[in-house]
Amino acid sequence: MTPASDLSLSGVSTAHDVDAGGDGVAARLHAVRRRLRAAASRAGVDGDTVTIVAVSKTFGAEAVLAARRAGQVDFGESRVQELVAKSGEVGDGIRWHFVGRLQRNKAADAVARCELIHSVDRLHLAREVATRARRASKVQRVLLQVDVGEDPDKGGCPPAQAPELLAALDTLAGVECVGLMTIPPLDADPRPLFRRLRQLRDQQRERFPRVEHLSMGMTHDFEIAVEEGATIVRVGEAVFGPRPPTR
Ligand SMILES: *Cc1c(COP(=O)(O)O)cnc(C)c1O
């Protein structure tokens, strides 16, 4: 497998500069990295090949900059409006990921800013992302979001549709699908679902060799995800602290 670093998704330094103002964030980030390395070694993989996406939704630009000073490079947002505002505030030197549900009329704004869009789950959306990427003279890297937990609230295509969607994505100029993503239902045991996503990836990679990444695992289950083969984890609260419930 191509390490995530070759896709420039990794490269997070492990600098230990706990700076004034961002002490909490820097310390939490170091703890997440430690836990991730331990989980990776249990799985027999090198922790440095797993990319941490720090999901900064609801947290301000200051929090992003504190994490950035502690060596974090990849950040995720789940709302385009918030992504646009925050990315404008924090400036360059950050790789943005879009992890939330994406509406077609917001696709251009996500394409303009994101290294990776994790949440492509239908053909209409894929076509729009491709069109916008071509107009921006870009090849947009995306993940196919799969609803392995059969929880339509979380978005994602049914697993049975994944093969045909991957085939369609493969023919679209302007997008490149580099893996799969899932969000398990909160009340489900995530491990069998992570395993299912990995199996799906293993099967589909025979036809689509670029489909190699697995974006799975959040604050409460990222270690399980890493044990089950995640190459990208999306961690918010464990990095930034408790998020006030909004919706
Ligand atoms: C908010 C969010 C995360 C991070 O959740 P935490 O529980 O804060 O780690 C990860 N993925 C998606 C899609 C999210 O919306």
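Refer to the structure above for everything that follows.
Residues numbered from 1 in each chain as written. Predicted model: local features only at pLDDT ≥ 70, side-chain atom pairs only at ≥ 80, totals over all residues. Heavy atoms only, no water.

**Side note on the site of the ligand**
Taken together, Val55, Lys57, Val99, Ile183, Met218, Thr219, Arg234, Val235, Gly236, Glu237 and Arg243 make up the full set of residues adjacent to the ligand. Here an oxygen atom of the ligand and a backbone polar atom of glycine 236 are 2.8 Å apart. A distance of 2.9 Å is found between an oxygen atom of the ligand and a backbone nitrogen or oxygen belonging to glutamate 237. Computed on the free molecule, the ligand has an accessible area of 390 Å², of which 91% lies beneath the protein chains in the complex. Across the shell around the ligand, the residue classes tally to 5 nonpolar, 2 polar and 4 charged. (Near = heavy atom within 4 Å. Polar contact = N/O pair within 3.5 Å; in protein donor to acceptor, adjacent residues only side chain to side chain. Areas by Shrake-Rupley, 256 points an atom, 1.4 Å probe, with all protein chains shown as cover. Nonpolar A, V, L, I, M, F, W, Y, C, P; charged D, E, K, R; others polar.)

**With respect to the environment of arginine 104**
Here arginine 104 is to be found in the loop between β3 (95–98) and α4 (107–113). Taking the relative accessible area as the measure of exposure, arginine 104 reaches 40% and is therefore partly exposed. Not counting the four nearest positions on each side in its chain, arginine 104 is found in contact with Arg122, His124, Leu125 and Glu128. (Helix = DSSP H or I, 4+ residues; strand = E, 2+ residues; numbered from the N terminus. Buried < 20%, exposed > 50% of the residue type's maximum accessible area, 1.4 Å probe, protein only. Contact = heavy atoms within 4.5 Å.)

**Some words on the pairing of β3**
Of the two faces of β3, the one carrying Arg95 and His97 and the one carrying Trp96 and Phe98 are both buried. By the bridge criterion, 4 bridges tie strand β2 (residues 74–77) to β3 in an arrangement that is parallel. Paired with glycine 76 across the two strands is histidine 97, which belongs to β3. The sheet contact formed by β3 and strand β4 (residues 114–120) spans 3 bridges and is parallel. In the strand pairing of β4, histidine 97 is matched with leucine 116. For the segment spanning β3, α4 and β4, crossover handedness is right-handed. (Pairing = 2+ DSSP bridges. Right-handed = clockwise from strand over helix to strand, strands pointing away.)

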